[in-house]
Amino acid sequence: MKYTSFLSVSILGAFALSLSLSACSKKPKQEARAEPKAPVFQEPKAVTMAPTPQETKVRIQDLLAEAFKPVYFPYDQATLPETAKDLLAKAAELMKQAPGVTVQIDGHADERGTDEYNLALGEKRANTVKAYLTNYGINPSRLKTISYGEEKPNAIGHEETDWAQNRRDEFKVTLSPDAE
């Protein structure tokens, strides 16, 4: 019995030892490794910066300069052409949004007529545009007129196509330094 019990204990011990060795010899389960992901490209976010006051002034002045296109008049007339009314209405709307803007209206005439007559005609043309803008709601103190008569022609020549380019009002848009 000693032998059987020794044998039983030995078998049990060997069995226990083999179990413990087999448990130790097992490789630990490896954690599932995720493959490294490629970085995802993201568009950089646009950084919007508010324009500086100077940039704002320049932009307003540019918009108004674009809006104030020359107005051309028929021969010997100071009546505002219908085609000019739409352009001036848009310019007036922009002026309403930019109270620091002033406009000089330069009246011109072609070479036909006396110097005095052409200066008077250029003045009438400039005042016609000023009256239109004033009636549209622009304060007259923001509008200045000057007549050059035939002194500053747009086209040099003695034909109708040249004269037609010289019968005009032009605009100089100014934004006051303290305007925002």
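Just so we're clear, the structure is a prediction, and the values are computed from it rather than from any experiment. (Residues numbered from 1 in each chain as written. Predicted model: local features only at pLDDT ≥ 70, side-chain atom pairs only at ≥ 80, totals over all residues. Heavy atoms only, no water.)

Q: Give a description of the nonpolar core that names residues and reports values.
A: The nonpolar side chains of a soluble globular protein tend to be buried with one another. With 23 residues, the main nonpolar core has Phe-68, Val-103 and Leu-133 as its most contacted residues. Listed by contribution, the elements that provide at least two residues to this core are α2 (53-67), α3 (82-97), β2 (101-108), α4 (115-135) and β4 (168-175). Those residues in contact with Leu-133 that sit more than four places away from it in its chain are Phe-68, Leu-88, Ala-92, Ile-105, Ile-138 and Leu-143. (Core = buried A, V, L, I, M, F, W, Y, C linked by side-chain atoms within 4.5 Å. Buried < 20%, exposed > 50% of the residue type's maximum accessible area, 1.4 Å probe, protein only. Helix = DSSP H or I, 4+ residues; strand = E, 2+ residues; numbered from the N terminus. Contact = heavy atoms within 4.5 Å.)

Q: So what's going on with the pattern of salt bridges? Which residues, and what values?
A: As enumerated under the stated definition, the model contains eight salt bridges in all. The salt bridge partner of Lys-172 is Asp-106, with a shortest N-O separation of 2.7 Å. In this pair, Lys-172 is assigned in strand β4 and Asp-106 in strand β2, connecting sequence segments 66 residues apart. Judged by relative accessible area, which is 39%, Lys-172 ranks as partly exposed. Through salt bridges with shared partners, one network takes in Asp-110, Arg-112, Glu-160 and Arg-167. (Salt bridge = Lys/Arg side-chain N within 4 Å of Asp/Glu carboxyl O.)

Q: Describe in detail the packing of α3 against α4, supporting the description with residues and values.
A: As a packed pair, α3 and α4 sit with axes 10 Å apart at the nearest point and diverge in direction by 55°. Classified by the angle between their axes, α3 and α4 sit oblique to one another. Every pair of crossing elements has a handedness; the one defined by α3 and α4 is right-handed. Every residue of α4 that contacts α3 at Lys-85, Leu-88, Ala-89 and Ala-92 is listed here: Val-129, Tyr-132 and Leu-133. Residues that form the contact of α3 with α4 fall into these classes: six nonpolar, no polar and one charged. (Axes fitted to C-alpha atoms, helices over the stretch in contact; angles between N-to-C directions. Parallel < 35°, antiparallel > 145°, perpendicular 65-115°, else oblique. Left-handed = near helix turned anticlockwise from the far one by under 90°. Nonpolar A, V, L, I, M, F, W, Y, C, P; charged D, E, K, R; others polar.)

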